[in-house]
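Structural overview for review
The chain contents come next:
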Amino acid sequence: MSRSTDSTERRETFRRLFWPILIIVCVTLVQVIQGGGHSLEIEVDNTQMAVVADGGDAQFLSFADIQQVALVTELEGWTLVDGSEDETVTCGLCHSEAYGGFQMYAYTGSDAYIVVQTEETYYVYSLSTTKKTEKKFEELQEAMALQ
């Protein structure tokens with residue numbers, strides 16, 4: 001095999017692999033910039049709130065089922081019982097002395113949490129920043145006050 005044929009084959013192989021590799025690198029960078037691809041969203045309307053984790057199915061809580069809502073700055077002594085946790089997000093069933101068993105949908109290391117109490121359990125939420133969590137808490141309080 002000649003040197004020019006070998007060089008031509010290498011260039012052709014590079015051309016075939018370049019775009020797929022570039023696309024994979026770009027998608028990975030976007031996910032890293034956006035927090036590992038994880039997302040938590042809380043939406044509030046006139047009668048309920050909805051929490052969507054990673055673009056999946058929404059979990060709905062009717063305002064009629066909510067007994068109390070609080071904004072807390074510390075959530076101590078909890079453990080994840082069943083769910084998932086990484087450097088960005090914790091989702092699943094947790095346990096603490098303060099709340100017993102509760103559902104958590106929160107960004108890891110948050111400085112503010114929305115705690116929603118229903119007759120059955122507690123739910124703990126946070127958004128990507130303290131400011132966003134506080135704003136959503138105020139929005140939730142305002143919507144519930146209209147009931």
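Throughout what follows, the structure given in this document is the object of discussion. (Residues numbered from 1 in each chain as written. Predicted model: local features only at pLDDT ≥ 70, side-chain atom pairs only at ≥ 80, totals over all residues. Heavy atoms only, no water.)

1. Some points on the nonpolar core
Our working definition: In this text, buried Ala, Val, Leu, Ile, Met, Phe, Trp, Tyr and Cys residues form a nonpolar core when linked through side-chain atoms within 4.5 Å. Think of it in three bands: residues with accessible area under 20% of the maximum for their type are buried, residues over 50% are exposed, and the middle band is partly exposed, with areas taken using a 1.4 Å probe on protein chains only. Each helix is a run of H or I in the DSSP string that is no shorter than four residues. Each strand is a run of E no shorter than two, and both are numbered from the N terminus. Contact between two residues is taken to exist if any of their heavy atoms lie within 4.5 Å; hydrogens are not considered.
Of all hydrophobic cores here, the largest spans 21 residues; its most connected members are Ile42, Met49, Ile114, Val116, Tyr125 and Leu140. For this core, the elements supplying multiple residues, two or more each, are strand E1 (40-44), strand E2 (48-53), strand E4 (66-72), strand E6 (89-96), strand E7 (100-107), strand E8 (113-118), strand E9 (122-125) and helix H2 (130-145). Residue contacts for isoleucine 42: discarding those within four places in its chain leaves Met49, Ala50, Val51, Ile114, Tyr125, Leu127 and Lys136. Residues Cys94, Tyr99, Phe102 and Val124 belong to the second largest nonpolar core, which totals 10 residues.

2. Here we look at the sheet that holds E1
Formally: Any two strands are treated as partners once DSSP identifies two or more bridges connecting them. Interaxial angles span 0 to 180 degrees and are taken between N-to-C directions of axes, which are lines fitted to C-alpha atoms, for helices over the stretch in contact.
Across the sheet, 3 strands lie side by side as E1-E2-E3; this open sheet has antiparallel pairing. Sheet topology places E1 and strand E3 (58-62) at the edges, where each strand pairs with a single neighbour. Between one strand axis and the next, the sheet turns by 15° as a mean value, whatever way the strands run. When E1 meets E2, the two strands line up antiparallel, connected through 5 bridges. Along E2, the bridge assignment pairs leucine 40 with alanine 53.

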